[in-house]
Amino acid sequence: MLKPSGKAIPKTLNQPEEIIIERGRAARHYWMDLWRYRELFAILAWRDISVRYKQTVLGVLWAILPPFLTMIIMTVIFAKVAGLPSQGSAPYAIMVFAGMLPWQLFANALGSSGNSLVGNAHLISKVYFPRLIVPGAAIAVSLVDFVISLAILAVLLAWYQFLPSLQILSLPFFLVLALLAALGPGLLLTALNVTYRDFRFIVPFITQLGLYLSPVGFSAEVVREKIGGTFYLLYALNPMVGVIEGFRWCILGQSPFPTLELGLSLVTTTLFLWIGIRVFRSTEKNFADII
Amino acid sequence: MSSPIIQVENLCKDYVISHQGGTENYQTLRDTVSSWFKKSKIKNHASSRGLEIFHALKDVSFEVQQGEVLGIIGRNGAGKSTLLKILSRITEPTHGKVRLRGRVASLLEVGTGFHGELTGRENIFLNGAILGMTRAEIKKKFDEIVDFSGVEKFLDTPVKRYSSGMYVRLAFAVAAHLEPEILIVDEVLAVGDQEFQKKCLGKMKDVSASEGRTVLFVSHNLAAVRQLCGRAVLLSQGCIEKQGVVSEVLSQYSQQSQSASNHPATYAIKSQPAHVTRAVLERIDNRPTLSLRVGEPWQVRLNIQIDQPLSAFVASIGLVNHADIPVQTSWSTPQEFDCGTYEFIFTQEHVFLAADTYRVLLGLSNNGRTLEQKEYFTLEIIPDLPIISCMATSGCGLILNPMTPTFRRIQ
């Protein structure tokens, strides 16, 4: 191959950046690329939000009805039928809804991010961009439903004339924690889903079981009383236990700060995030060939 | 000379393909789990599951200079799309290296990422972002894009209600206003009417000529490749078969496809009273050839056997260019012939044909009734201009200088 003679001349100033494509090379500028493509992230999220309720009659009611009805059913079953206690003086419905908020967020985020890569196969196989954007944008979309649910919460609080404490100001922290808790497994599942479509069936299963494995319809305190301290440690390895109890601490302010649950939640969330990113990054380069 | 903007070195891409079953081309978890238990027999694993390594690209190397339009041609499965996918970073190569000195935007199929539920306006922003434009850039070019696409009336209609033509036009309009240093274009001109195709070709020419961008153009539309590209690369089964000046590569390609279908169109009816027994295409000095320079005289020598007396026999020769357009037809004067073998020589001395690949057809008829019509040669006329060096021939017609101009001074 002929080498151009001007090779020794130093790079000119406005020389465009050089991209080298090689096996295993994609890793170099990954995080920088991710930042560079932030507009794509925003626009993909915006796309999913704006097409979400197109051609539906009830429209945005679909974001309100499911959590609201679930809250009513859970209140009836756990408070009236099973006779479980609420936290302090908080109405049971509000306690359930304070748990529903992060749980819905988690379940929606996990569901949409788990299917995001396969759902965007046409993009993956045609255009380059850091693939992390796709599940990331899918998770961002679930925030919309979260905000709508917050409005329901406000209505509920007004209905029961229950005044939340100032601790509610720390809600954003728990919100981020809930998103991160969903991101780790979400990345893992969506990457695996590309190769093994089995995981498409696992996601609904996880969210269905998880609703009962997490303290959504009842307080974690009830669980601790029934299963004892040792098993409760195991129970709290579910990252959503810490997040849900954290939400209740913010909104209801009737229980002590859930230090143990949050600590364990942080550990498992970090672990899942690490695994999720590792698996995602290592399989990412082959997505276009397999999908 | 500056260093090339694209430098491809020994590029290889292997795929593992499965011959088993074949209806499901993705693995299920069970497959993998069960294969773990067979790991001890890994040696026959590949063959037992019918796996095979497929080399989509084998040791491909080439360079592209800035501002160049490089055509990439080859039959289906030659590795064109794989090459483009590697260059646009969608997939990784197995071996080899590519250096790109600039941003790349690829149009592998237009309308990538269009969402049917969104309006034309919204899709411009969505598609632009997917192709790598910033929001500010899109805003700046929005009117231009809409103008180019010609769908301003339907800008607020969901694109799922668009006709396929409108869809493609809008998609190409977005893509055409990208500003990368390197633009990769794959088969975009397949849809759209004649006028729009022309517009696209014009736009792509502009992009490379006046803005100094580099374009890689993949198409089966050889006329478009010829018109647009200066150089071309011919891929065949994952290897580069030829690279160089576009007309030479194209003629190699047409020969390749000819040898693939070694049955020229025949219109011969058996037991006709006359038929061609021998046909040779020659230079004027009787040396047989299949390629000529522009302006070089040539002739076709025919031996024709006549088995029955014919009252008004005509032999004719036609030339059809690469785009299947008949360019010229010549015929002998109708005449009475007795039985016997005759030699006809058709000579072309003064009418020049532009550089192209021509198919040469021979036809025999009697009293206006066709006796035989057959494609005999593929004649390549190459753009080496010793004779008509007095003018530039880019963009000229198929037949060069057929009229004799005279002039006089009138004042």
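Residues numbered from 1 in each chain as written. Chains lettered and ligands numbered in written order. Predicted model: local features only at pLDDT ≥ 70, side-chain atom pairs only at ≥ 80, totals over all residues.

With respect to the overall build of chain B
- Of regular secondary structure, chain B possesses nine helices and 20 strands.
- Residues counted as buried form 34% of the 411 residues belonging to chain B.
- Across chain B, contacts joining residues at least 24 apart in sequence account for 72% of those joining residues at least 6 apart. (Helix = DSSP H or I, 4+ residues; strand = E, 2+ residues; numbered from the N terminus. Buried ≥ 20, exposed ≤ 12 C-beta atoms within 10 Å, placed from the backbone. Contact = placed C-beta atoms within 7 Å.)

Considering the overall build of chain A
- The secondary structure content of chain A amounts to 14 helices and one strand.
- Principal axes of the C-alpha set define a box for chain A whose edges measure 85 × 50 × 40 Å.
- Summarising the internal contacts of chain A: among those between residues at least 6 apart in sequence, 81% fall at separations of at least 24.

Regarding the domain arrangement of chain B
Residues and elements named next belong to chain B.
- Parsing chain B into structural domains produces domain 1 (6-103 + 180-259) and domain 2 (274-400).
- Contacts between domain 1 and domain 2 engage nine residues on the former and eight residues on the latter.
- Secondary structure elements with two or more residues in the side of domain 1 that touches domain 2: α8 (222-228) and α9 (246-260).
- Among the residues forming the side of domain 1 that touches domain 2, the class breakdown is three nonpolar, five polar and one charged. (Domains from an automatic or database assignment. Nonpolar A, V, L, I, M, F, W, Y, C, P; charged D, E, K, R; others polar.)

Observations regarding unusual backbone geometry
- For B:Asp59, which is not a glycine, the phi torsion comes out positive at approximately 55°.
- Note that B:Asp59 resides in strand β2 (residues 51-64).

Digging into the interface of chain A and chain B
- Contacts between chain A and chain B engage 32 residues on the former and 42 residues on the latter.
- Elements with a contribution of two residues or more to the side of chain A that touches chain B: β1 (18-22), α2 (38-52), α6 (121-124) and α14 (287-290) of chain A.
- If you tally residues by element for the side of chain A that touches chain B, the top one is α2(A), at six residues.
- Here the residues of the side of chain A that touches chain B are counted per class, giving 16 nonpolar, five polar and 11 charged.
- In this sheet, strand β4 (residues 95-101) of chain B lies alongside β1(A) in antiparallel orientation, the contact comprising five bridges. Among the inter-strand pairings, A:Ile21 is bridged to a residue of β4(B), identified as B:Val98. (Pairing = 2+ DSSP bridges.)

Some details on helix α13 (residues 259-284) of chain A
- When the terminal C-alpha atoms of α13(A) are compared, their 36 Å separation across 26 residues agrees well with the 38 Å that a helix rising 1.5 Å per residue should span.
- For α13(A), every residue scored as buried is listed here: A:Glu261, A:Leu262, A:Leu264, A:Ser265, A:Thr269, A:Phe272, A:Gly276, A:Phe280 and A:Glu284. (Expected span 1.5 Å × (residues − 1).)

Things to note about helix α5 (residues 135-149) of chain B
All names here are of chain B.
- In the structure, α5 departs most strongly from a straight axis at lysine 141, where the bend amounts to approximately 55°.
- Here α5 has its buried residues at Ile138, Lys141, Ile145, Phe148 and Ser149.
- Packed against the buried residues of α5 are α4 (120-130) and α6 (164-176).
- Phi turns positive one or two residues past the end of α5, at glycine 150, with a value near 70°. (Bend = angle between axes of the 7 residues up to and from the residue.)

Side note on the packing of α5(B) against α6(B)
All names here are of chain B.
- Where α5 contacts α6, the two axes come as close as 8 Å, and the packing angle between them is 140°. Between α5 and α6, the crossing angle belongs to the class labelled oblique. When the axes of α5 and α6 are compared, the crossing they make is right-handed. Where α5 abuts α6, its residues Ile145, Phe148 and Ser149 lie against Arg169, Leu170, Ala173, Val174 and Ala176.
- The residue inventory of the contact of α5 with α6, partitioned by class, reads six nonpolar, one polar and one charged. (Axes fitted to C-alpha atoms, helices over the stretch in contact; angles between N-to-C directions. Parallel < 35°, antiparallel > 145°, perpendicular 65-115°, else oblique. Left-handed = near helix turned anticlockwise from the far one by under 90°.)

Structural notes on the sheet that holds strand β10 (residues 274-283) of chain B
Residue and element names in this part refer to chain B.
- Pairing in this open sheet of three strands is antiparallel, and the strands run β10-β12-β16 from one edge to the other. Each end of this open sheet is capped by a strand with a single partner; those strands are β10 and β16 (340-348). Across this sheet, the average inter-strand angle for adjacent strands is 15°, counted without regard to direction.
- Note that β10 and strand β12 (residues 298-306) share nine bridges and pair antiparallel. Bridge assignment links arginine 283 to a residue of β12, and that residue is tryptophan 298.

Digging into the confidence of the model for chain A
- With 92% of its residues at a pLDDT of 70 or more, chain A has an overall mean of 86.
- Least confident of the elements in chain A is β1(A), whose mean pLDDT is 79; most confident is helix α12 (residues 239-251) of chain A, at 93. (pLDDT = per-residue confidence, 0-100.)

Remarks on the pairing of strand β18 (residues 356-366) of chain B
Residues and elements named next belong to chain B.
- With eight of 11 residues buried, β18 is to be regarded as a mostly interior element.
- Relative to β18, strand β13 (residues 310-320) is paired through eight bridges, and the arrangement is antiparallel. Residue alanine 315 lies in a different strand from β18, and its bridge partner there is leucine 364.
- Here 11 bridges tie β18 to strand β19 (residues 369-382), and the two strands are oriented antiparallel to one another.

Some words on the nonpolar core
- Core analysis: the largest hydrophobic core is formed by 143 residues, its most contacted members being A:Phe106, A:Ala178, B:Phe217 and B:Ala232.
- Ignoring any residue separated from it by four or fewer positions in sequence, one finds B:Phe217 in contact with B:Val69, B:Leu70, B:Gly71, B:Ile72, B:Val185, B:Val225, B:Leu228 and B:Cys229.
- Membership of the second largest hydrophobic core comes to 24 residues, among which are B:Leu310, B:Phe313, B:Ala315 and B:Leu379. (Core = buried A, V, L, I, M, F, W, Y, C linked by C-beta atoms within 7 Å.)

Structural notes on the environment of A:Ala107
All names here are of chain A.
- With respect to the helices, strands and loops of the structure, alanine 107 is situated in helix α4 (residues 92-114).
- Residue classification places alanine 107 among the buried positions, given that 23 C-beta atoms sit within 10 Å.
- Distance in space between the C-alpha atoms of alanine 107 and valine 203 is 8.9 Å, their sequence separation being 96 residues.

Notes on the packing of α4(A) against helix α9 (residues 199-213) of chain A
Residues and elements named next belong to chain A.
- Between α4 and α9, whose axes approach to 10 Å, the crossing angle comes to 175°. Here α4 is positioned roughly antiparallel relative to α9, judged by the angle of their axes. Between α4, through Trp103, Ala107, Leu110, Gly111 and Gly114, and α9, the contact on the second element is made entirely by Phe199, Val203, Ile206, Thr207 and Leu211.
- Looking at side-chain class alone, the contact of α4 with α9 contains seven nonpolar, three polar and no charged residues.

Description of the pairing of strand β7 (residues 214-218) of chain B
- Burial of β7(B) is extensive: five of the five residues sit out of reach of the surface.
- Side chains B:Thr214, B:Leu216 and B:Val218 project from β7(B) onto one buried face, and the interleaved B:Val215 and B:Phe217 project onto a second face that is buried too.

Looking at the environment of B:Ile240
Residues and elements named next belong to chain B.
- Within the fold, isoleucine 240 resides in strand β9 (residues 239-245).
- Residues isoleucine 240 and phenylalanine 346, 106 residues apart in the sequence, show an inter-C-alpha distance of 38 Å.
- With sequence-adjacent residues up to four places away left out, isoleucine 240 is seen in contact with Val60, Phe62, Val233 and Leu235.

Notes on the confidence of the model for chain B
All names here are of chain B.
- The pLDDT averaged across chain B works out to 79; a share of 81% of its residues lies at or above 70.
- In this model residues 21-25 is a low-confidence stretch, pLDDT under 50, and it forms zero contacts with partners more than four residues away in sequence or in other chains.
- Predicted complex metrics record ipTM = 0.79 and pTM = 0.71.

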